[in-house]
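Results of the structural survey
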Amino acid sequence: MPPTHGRWFQENIWDRYMGGLSGRALSLENMDRKISEDGNTTQIDDLPDGILSHIVTFLSIQEAVKTSVLSSRWKQVWTATENLFFCEYELCGKQRGYKQRKRMVGIIDHVLKFHINRVERFLLDFDPRGFESHVDEWVSFLTKSGVQEISINFRREVEGVYLGGHDYELPSRFFDCISLRLLMLKNCIMNVPLDFKGFNSLRTLFLSDVYINGDQLSTLVSKCKVLQGLALLYCRDTESFRMSGPHSQLKNVMICCCLMSLGDIEIDAPSLLHFCFMGCIFGSPVLSVPRLLDATIISCIEKRPPTIQENPFHKVARSLSKLAHVESLTLAGYFVKTLADAEVWNALPTSFPNIKELDVGVNLTKSSETRIIYHFLESCNNLEKIVLSLNQDDKELLASQYWDLRKPTYCMANHLKTVTVTNLEGLVGEIRFVTFLLRHTRKLENITLSFYENLRSTVRAKTAMDVLTNVKKVSTDAEMCIKFEDVDADD
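Residues numbered from 1 in each chain as written. Predicted model: local features only at pLDDT ≥ 70, side-chain atom pairs only at ≥ 80, totals over all residues. Heavy atoms only, no water.

1. What about the overall build of the protein?
- When helices and strands are tallied, the protein shows 15 helices and 20 strands.
- For the protein, with 491 residues in total, the buried portion stands at 52%.
- Across the protein, every contact between residues at least 6 apart in sequence was considered, and the portion connecting residues at least 24 apart equals 68%.
- Of the accessible surface of the protein, which amounts to about 22800 Å², a share of 48% is contributed by carbon and sulfur atoms. (Helix = DSSP H or I, 4+ residues; strand = E, 2+ residues; numbered from the N terminus. Buried < 20%, exposed > 50% of the residue type's maximum accessible area, 1.4 Å probe, protein only. Contact = heavy atoms within 4.5 Å. Areas by Shrake-Rupley, 256 points an atom, 1.4 Å probe, with all protein chains shown as cover.)

2. Re the pairing of strand 11 (residues 265-268)
- A one-sided burial pattern is seen for strand 11, the buried positions being Ile265 and Ile267 and the unburied ones Glu266 and Asp268.
- Taken together, the three bridges between strand 11 and strand 13 (residues 286-288) define a ladder with parallel strand orientation. Paired with Ile267 across the strands is Leu287, a residue of strand 13. (Pairing = 2+ DSSP bridges.)

3. Here's the deal with helix 14 (residues 428-440)
- Between its first and last C-alpha atoms helix 14 spans 18 Å; for 13 residues at 1.5 Å apiece the expected length is 18 Å, and the two agree.
- Three or more residues of helix 14 are buried, namely Gly429, Glu430, Ile431, Phe433, Val434, Thr435, Phe436, Leu437 and Leu438. (Expected span 1.5 Å × (residues − 1).)

4. Describing the pattern of salt bridges
- Evaluation of the coordinates by the stated rule reveals 12 salt bridges.
- The partner of Asp341 in a salt bridge is Lys337, and the shortest N-O contact between them spans 3.2 Å. Of this pair, Asp341 and Lys337 are both found in helix 11 (residues 335-341), four residues apart, which corresponds to roughly one turn of the helix.
- What makes Asp341 partly exposed here is its relative accessible area of 36%.
- Connected through shared salt-bridge partners, Glu120, Arg121 and Glu149 make up one network. (Salt bridge = Lys/Arg side-chain N within 4 Å of Asp/Glu carboxyl O.)

5. A look at the side chain of Arg155
- Along the chain, Arg155 falls in the loop between strand 3 (149-153) and strand 4 (157-158).
- Setting aside residues up to four positions removed in sequence, Arg155 forms contacts with Glu88, Asp125, Phe126, Asp127, Pro128 and Asn187.

6. What about unusual backbone geometry?
- With a phi angle near 55 degrees, Asp209 is a residue other than glycine that sits in the positive phi range.
- On the secondary structure map, Asp209 appears in strand 7 (residues 204-211).
- By relative accessible area, which is 5% here, Asp209 ends up buried.
- Located in the positive-phi region is Asn423, a residue other than glycine, with phi close to 65 degrees.
- Its location among the elements puts Asn423 in strand 18 (residues 418-424).
- For Asn423, a relative accessible area of 24% translates into the label partly exposed.

7. Looking at the sheet that holds strand 11
- Here we have three strands laid out as an open sheet, ordered 9-11-13, and parallel in their pairing. Each edge of the sheet is formed by a strand with only one pairing partner; in this case those strands are strand 9 (241-243) and strand 13. Adjacent strand axes in the sheet meet at a mean angle of 15 degrees when their direction is disregarded. (Axes fitted to C-alpha atoms, helices over the stretch in contact; angles between N-to-C directions.)

8. So, the packing of aromatic side chains
- One pass over the full model with this rule turns up 16 aromatic pairs.
- Between Phe352 and Phe376, the ring centres sit 5.5 Å apart and the planes meet at 35 degrees, which makes this aromatic pair tilted. You can see Phe352 sitting in the loop between helix 11 and strand 16 (357-362) and its partner Phe376 sitting in helix 12 (residues 367-379), a full 24 residues away along the chain. In this pair, the class of Phe352 matches that of Phe376, namely buried.
- Just above the ring of Tyr374 sits the side chain of Arg406; from NZ or CZ to the centre is 5.7 Å.
- Across from the ring centre of Tyr402, 4.4 Å away, lies the NZ or CZ of Arg406, which sits over that ring. (Phe/Tyr/Trp six-rings, centres within 6.5 Å; stacked < 30°, edge-to-face > 60°. Lys NZ or Arg CZ within 6 Å of the ring centre and 35° of its normal.)

9. Quick look at the pairing of strand 7
- Across the eight residues of strand 7, seven count as buried, placing the element largely inside the fold.
- In this fold, strand 7 hands off to helix 9 (residues 214-222), which returns the chain to strand 8 (residues 229-233); that crossover is right-handed. (Right-handed = clockwise from strand over helix to strand, strands pointing away.)

10. A word on the environment of Val221
- When you line up the elements, Val221 lands in helix 9.
- Here Val221 falls in the buried class, since its relative accessible area comes to 1%.
- Between the C-alpha atom of Val221 and that of Met243, which follows or precedes it by 22 residues, the distance is 7.1 Å.
- With residues near it in sequence (within four places) discarded, Val221 still touches Leu205, Leu227, Leu230, Phe241, Met243 and His247.

11. Observations concerning the confidence of the model for the protein
- For the protein, mean pLDDT is 82; residues scoring 70 or higher make up 78% of the total.
- Mean pLDDT across the secondary structure elements of the protein bottoms out at helix 2 (residues 28-38), with 43, and peaks at helix 13 (residues 410-414), with 97.
- Note on residues 1-11: pLDDT is under 50 here. Beyond four places in sequence and across chains, it has 29 contacts. (pLDDT = per-residue confidence, 0-100.)

12. A short note on the environment of Asp486
- Here Asp486 lies in the segment after strand 20 (479-485).
- Overall, Asp486 belongs to the exposed group, its relative accessible area being 52%.
- Between the alpha carbons of Asp486 and Asn423 there is a distance of 9.1 Å; along the sequence they are 63 residues apart.

13. What to know about the environment of Arg129
- Among the structural elements, Arg129 can be located in the loop between strand 2 (121-125) and helix 8 (132-145).
- Arg129 sits 38 residues away from Asp167 along the chain, and the two C-alpha atoms are 7.4 Å apart.
- In this structure the side chain of Arg129 is engaged in a polar contact, spanning 2.5 Å, whose partner is the side chain of Asp127. (Polar contact = N/O pair within 3.5 Å; in protein donor to acceptor, adjacent residues only side chain to side chain.)

14. Looking at the side chain of Gln392
- For Gln392, the location among the structural elements is in the loop between strand 17 (385-390) and helix 13.
- You can call Gln392 buried: its relative accessible area is 2%.
- Polar side-chain contacts of Gln392 include one of 2.7 Å to the side chain of Glu430.
- Non-local contacts of Gln392, meaning those with residues more than four positions away in its chain, are made with Val362, Asn363, Leu364, Thr365, Glu425, Leu427 and Glu430.

And the structure:
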C-alpha cells in the first residue's frame, strides 16, 4: 500500500499553525459572569485600550462584536482587535448552505467596514462560491491593513464532502500585502503578476492544493528573500521547482504529492537544515545544501517510467551522494523496493560518514532489498539508531544462509545502540535479520520489535518471540521490548 505520510504532513502542519492562530480560552458568558460578580464594570473599564483589545482577541468574532453592549467603554473596542478569525464551521454551524454562508459574508463585511486598527493575524475558512466579489474586497482590505499573518482555506464542501477543484483565483492586488511574515493558502489559484515586487518580510510559506505552475512558483519564492520555511502539498500544475539564489535564510523545505518528481527540483540554500520530499523519485535533483541535517524521501510509485535509455534509477541511487553528509536519513514508501527492483546497488554511495539515524521501509524477505539494508549498515560507520518499517506484501523465500554469511559491520561493533523494527509478521527473513543484529551489535542498548496486533495469538508470532528472546546477545546491557500494534496505529 502507498504510504499516507503526505496527508499526515499536511494536516499536522496546517493544524499546528491554525490552532496557534485560532485558539481561544475566553467566552463572553465568562466575561459577563465576572462582571456580575463585581456588580459593576469599573475595574475592567479602567484598563488601557491595548489591554481591552487584547482581551477581545480571545473571543470569537461574534462574541467580540457583542462586547459593545457591555458598557459605553466597550462600544468600539472590538473594532481595534488585531486578530480577525472567520471560520465557516463556527459562524454557519453544521448547515453550511448558501443562506448560512451569506449571513457569514454579512458579518465579515460589517466587521471589516468598521475596523479601525492594523491587523496582525487574519484567518479565513470559507467556501467562496457565489461570493467571489466579497472575497476580493476582503483581500483589498488586507492590503491596506499591514497584515502580518494570513491563513486562508477556500474549502469546497457539500454536506462535509470535499469537492476538490479550484474555483477562486486570488486577485493581483493580493500580492501587495508586503508586510506578510506568514502565508498559508489552501484550495485556490495563484497567478503571480509580472510586476510582483516580492514579499520582503515573508518567513513562512505554506501552499496546499494550490493551482500554480512551476515557473510562477519559482518566481514567487525567488522574491521572498528572507524565507525560512517552505511547504508545498498537493499543488496542482507544479511540474518543477527551481530555487536559485542562493536563499541564505531558508531552513526547512517540504514538498509532498505535487506533480513534480525528485529530479525536477533545484535548491540552492546554504543554510537549509531539513528537507522532505514525497512523490515520484525519477531523476536526480540539483541540491546545494551543505548544512543539511536531515532528509526524508518517500517514494509513492513503485513502477519505473518507460524508457529505452539508461536505467533511470541509476540517477536516483547516485543522487543520494548529495545527502551523504546528513545526520538523519529517511527512505520510505517504495524507495528501497524501486532501487532493488532496478538492480542499482553499485550506484549507491559507499560512505555516509555523518549519518547517526536511519529510517528505512524495506521487505526483509526479498534478497534484493535486504542487500540494500546491509549496504547501509556497511556505509554508515557512525550509525547509532536504525528504524525499519517492514512491508512484506511481496514475499519471497530469502536464502536461509544469507545473514549467516554476512560479517558484522563497523557501526555494529562501535556505534549502533538503538534498533526498532515495526510491522513484523514473524517470517523467517525477519527473524534471521534480528538474530544477526543481536549476535553482533556490541553497543546495543535497546531493541524494540513491533508485531501486527492480529498476530498476537498465532503460532508464527509465538515461535518468533521464543526464538528471538532466546538469542544469545553479544551486548549484555541490551533490553528487548516486544509489542503488538494495530496496522493503522500511526495513521
